[in-house]
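Fold and geometry: a report
Letter by letter, the chains look like this.
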Amino acid sequence: MVNHEKIDGMRYPSIDELLKVIDSKYKLAYAAAKRAKIIEEEEFTSLEHPKCVKPVGIALEEILAGDTKVTFEEQND
């Protein structure tokens, strides 16, 4: 029997599901990187049992779960 949970890699969490939470891939990448840095420094996640082991994956899981709130300021040029 093959454990698909470990094979999925970056297919979880789904980019389509994540883009329903944050409307831009660029904003999503920025938010995940910022949160991943905090996860790595503090060694803490709000998830009880994250599926991902790397900080960026955990950050994406938190964003999808709604545990991480992100707000962006709009710039007027």
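Please refer to the structure higher up on the page.
The text that follows walks through the structure, step by step, so that each part is easy to find.

What counts and how
Residues numbered from 1 in each chain as written. Predicted model: local features only at pLDDT ≥ 70, side-chain atom pairs only at ≥ 80, totals over all residues. Heavy atoms only, no water. Helix = DSSP H or I, 4+ residues; strand = E, 2+ residues; numbered from the N terminus. Buried < 20%, exposed > 50% of the residue type's maximum accessible area, 1.4 Å probe, protein only. Contact = heavy atoms within 4.5 Å. Areas by Shrake-Rupley, 256 points an atom, 1.4 Å probe, with all protein chains shown as cover. Salt bridge = Lys/Arg side-chain N within 4 Å of Asp/Glu carboxyl O.

Take the overall build of the protein chain next. Helix and strand counts for the protein chain come out as 4 helices and 0 strands. Beginning at the N terminus, the succession of helices and strands in the protein chain can be written as α-α-α-α. Residue burial in the protein chain is summarised as follows: out of 77 residues, 27% are buried. For the protein chain, the proportion of contacts with a sequence separation of at least 24, taken over those separated by at least 6, is 51%. When the accessible surface of the protein chain is split by element, carbon and sulfur atoms take 52% of a total near 6,300 Å².

Applying the stated rule across the entire model yields 4 salt bridges. In this structure, Glu74 engages Lys27 in a salt bridge whose closest nitrogen and oxygen atoms are separated by 3.9 Å. Here the residue Glu74 occupies a position in the segment after α4 (55-65), and Lys27 occupies one in helix α3 (residues 25-42), the gap between them amounting to 47 residues. The class of Glu74 is exposed, set by a relative accessible area of 63%.

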